Amino acid sequence: MAKKVASSHSIPFWRDIRVLRVIAQVVFLALIAAGIWWLFNNLQYNLQASGLKIGFRFLKNTAGFPISEGLHYSPTDVNGYAFFVGIVNTLKVSAIGIVIATLLGVIIGISRLSSNWLVKKIAGVYVEVIRNIPLLVQLFFWYFAVMLTALPLVKNSIHLPGAIYLTRRGVYMPWAIPTDSFGTWAWYILGGLIVGAGVYMFRRTQLKRAERPGFPIIWAGTVFILILAAGWFITPGNPLKLTIPVLNKFNFTGGLSLSTSFTALLLGLSVYTAAFIAEIVRAGIQAISKGQTEAASAVGLSKVQILRLVILPQALRVIIPPLASQYLNLTKNSSLAILIGYYDLMNVGTTIFNQTGRAVEMILLIMASYLTMSLLTSLAMNYYNKRMKLVER
Amino acid sequence: MKKILVVGMLLVLVLSIAAMGQQTLQTILDRGYLIVGTNAVLPGFGYLDTTTGEYSGFDVDYGRAIAAAIGVDVKFIPLTAGERLTALQTGQIDVLLRNTTWTLTRDSMDLGLNFCPTTFYDGQGFIVRKAEGINSVDDLDGATVCVTSGTTTEGNLADVFRAHGLSLKTQVFADTEASFGAYDAGSCDAYTSDKSQLASLRTTAKVPADNVILPDTISKEPLGPVVRHGDDQWFDIVKWTVFATFFAEEHGITQANVATFESDNPSVRRFLGKEGGMGAKLGLSEDWAVNVIKAVGNYGEIYERNLGPNGLDIPRAGSLNALWTDGGLIYCPAWR
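A quick note: this is a predicted structure, and the numbers were derived from the prediction, not measured. (Residues numbered from 1 in each chain as written. Chains lettered and ligands numbered in written order. Predicted model: local features only at pLDDT ≥ 70, side-chain atom pairs only at ≥ 80, totals over all residues.)

**Student:** Can you walk me through the overall build of chain B in this structure?
**Tutor:** For chain B, the count of helices and strands is 13 helices and 15 strands. Whereas a compact globule of 336 residues would reach a radius of gyration of roughly 20 Å, chain B reaches 21 Å, a difference of no more than 12%. Taken along the three principal axes of its C-alpha coordinates, chain B extends 60 × 50 × 40 Å. Per-residue burial over chain B gives 51% buried out of 336 residues. By sequence separation, contacts in chain B at least 24 residues apart represent 74% of the contacts at least 6 residues apart. (Helix = DSSP H or I, 4+ residues; strand = E, 2+ residues; numbered from the N terminus. Rg over C-alpha atoms; globule rule 2.2 N^0.38 Å. Buried ≥ 20, exposed ≤ 12 C-beta atoms within 10 Å, placed from the backbone. Contact = placed C-beta atoms within 7 Å.)

**Student:** Would you mind going over unusual backbone geometry with me for this structure?
**Tutor:** Where the residue is not glycine, phi is negative for most of them; where a peptide bond is considered, it is trans in most cases. All names here are of chain B. In this model, asparagine 99 sits at a positive phi of 25°, which is unusual for a non-glycine residue. The residue asparagine 99 is located in the loop between β6 (95–97) and α5 (104–107) in this model. Although it is not a glycine, aspartate 313 adopts a positive phi angle of roughly 60°. Note on placement: aspartate 313 falls in the segment after α13 (299–307). Judged by the 11 C-beta atoms lying within 10 Å of it, aspartate 313 falls in the exposed class.

**Student:** Whenever I open this one, the pairing of strand β12 (residues 190–194) of chain B confuses me. Can you help?
**Tutor:** Here is the key point about a regular strand: its side chains alternate between the two faces of the sheet. Residue and element names in this part refer to chain B. Within β12, five of the five residues are buried, which leaves it mostly tucked inside the rest of the structure. Relative to β12, strand β9 (residues 124–129) is paired through five bridges, and the arrangement is antiparallel. Bridging from a neighbouring strand, glutamine 124 pairs with aspartate 194 of β12. Judged from the two bridges that link them, strand β10 (residues 144–148) and β12 form a sheet pairing that is parallel. Among the inter-strand pairings, valine 145 is bridged to a residue of β12, identified as alanine 190. (Pairing = 2+ DSSP bridges.)

**Student:** Can you help me understand the interface of chain A and chain B in this one?
**Tutor:** Where the parts come together, the accessible area they lose is often given as the size of the interface. At the interface, 41 residues of chain A touch 50 residues of chain B. Broken down by secondary-structure element, the contributors of at least two residues to the side of chain A that touches chain B are α2 (17–49), α5 (135–150), α8 (260–286), α11 (345–356) and α12 (359–388) of chain A. Top element by residues in the side of chain A that touches chain B is α2(A). It accounts for seven residues. The residue makeup of the side of chain A that touches chain B, split by class, is 20 nonpolar, 18 polar and three charged. (Nonpolar A, V, L, I, M, F, W, Y, C, P; charged D, E, K, R; others polar.)

**Student:** Can you help me understand the environment of Gln124(B) in this one?
**Tutor:** All names here are of chain B. You can see glutamine 124 is positioned in strand β9. With 23 C-beta atoms packed within 10 Å, glutamine 124 lands in the buried category. In sequence terms glutamine 124 and isoleucine 218 are 94 residues apart; their C-alpha atoms lie 5.4 Å from each other. Discounting residues that sit within four places of it in the chain, glutamine 124 has contacts with Thr153, Asn156, Thr192, Ser193, Asp194, Thr217, Ile218, Ser219 and Glu221.

**Student:** Is there a simple way to explain the domain arrangement of chain B in this structure?
**Tutor:** Residue and element names in this part refer to chain B. Partitioning chain B into domains gives domain 1 (2–120 + 223–326) and domain 2 (124–219). Domain 1 and domain 2 are separated by 29 Å when their C-alpha centres are compared. Every contact between the two is made by 15 residues of domain 1 and, on the other side, 15 residues of domain 2. For the side of domain 1 that touches domain 2, a count of residues per class yields eight nonpolar, six polar and one charged. (Domains from an automatic or database assignment.)

Written out as structure tokens, the structure reads:
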């Protein structure tokens, strides 16, 4: 005992691993701090030397440039609001893109493992072709080759049944717009959602207790739709009105229009990301040992049931983390929008910095916006991942 | 691409120890060549011939003129509309010659730039398809207009539609080729830009004759060289190089006759470096103006070469780009 104490005293601190570890961390931290300080100092110095001042007051100045996509906006609004419109447009294309890419990716991923030779090969070719062509090239393909070449001019648009028009300006379709009584009906929507969620929870616990598989969402959905329908008839007047696109001098007005840029960007992003998601899904499914499938089919489950009840719940644990990074990629890749003329936050942001000359501030704002979006997506996906993890008892 | 470049330039701003300030001329002499930021895709003004690797155009000629005044080589860097101001601010280029409009914001302390004399008076207009039967801006109510980002045109466009009470849809692209390409493919009813650019782009349309430039001019677009704040000597050199081309045309001095030009006119003699010590005042050799004319010719010759009937064919007579003696705005201050 005495010997041990003596020996620990005899080790000088520069050879004591515990002390060294602390010192290493401190030095590392100090180096990073010094690096950041140096960069910041340099920025200040160079900005001063070139006569530039940092400030965000320009966000309150009138924007003065047009934006033809997304929220209601006019050139008399301020730069800050214009940037917000851009952020919403990015969120719009990313959110819809994520949904489409996930659906498409899951279908293709499962198809790659299909026992049908043709389906398997088609899925394989899809993944290999799409994954190996740069996204930028694909976006140009969708925009210039498909939208601007294959589709007709506005005046001889392709007319699909149900007043849907495909043109080089975009896709036009009938759309329901809210009328004055929509506010009353909105309460029924809210009520329907709450009751629907309640039914879902109730049915789920019921099924769990009975240890039977089933689809609680069908019950919940039916209740929701019934409440909506009841609300529709009780509310005086029609809460929604159908508008149909009509051809004017230059273009269609009325109805819902998806601009060419938006459609091309959405297609490009979803198709591209779906290829990666397909591979993630395939890998996730293959990570589950074959014995499980065999055991499940021995118990008498059908193929769909095996996939839904045995394979996917376990595969999800493998799938979710890489899936989350694909979602982040899709959001960040949407910044290529400016090249095909979609008003995302990068496009509006660059326009603002060109108009005001505030490059440093705008680049900072753009970076902060993407960072916030990505961190929020990560947070949501991490939470989902935690819930899906195998609970060990 | 653009994003990467702009971020790169900002990184330079963050990382570099500034080599700016009062020594642009010395920096160029030490380096041995002048760096000019220009356009690479605008025939007539700044165009890179990809088969020969040679730049040509009105702005390019002015870059060569400035290099000749100092007596160094010249190197051109192609820039997009969005990159150009940042490239100049961060010292990537010595002078910006890329059909850049002189505006208060750009010329102020806000952006820290100085505009040299206007070399080309332009104005924004519209190009439309003949078959549409559009005769003026008022016929464009409800039309979709393609625009290139990073220019004054977006603001002008919104202003004029607001003033005329017309409804407008726009589509903004990062570069001119995509933007004009979308118009040419029928995605937009009109494309808007400076009229000189429209004339240039019209030649690249699928069927040039199917497109027509509207007579309306909706803005003032004085274009000229731009330099950074903080180096008055350099500002003076670029300014007077431009004036030298004006002066030479006014006095009949051309690329062909400048070497042997003789005159008793005192200000012409000062121009030719025979008296007055004008070169030393700018920090240049006495025959600097002669070298400028030897390299690119006078204003009229530069215009003729790039924008005349053999080039873009933008009529000069009666326009603001005529000499002041012919009723235009091309005017050189006193050479003394």
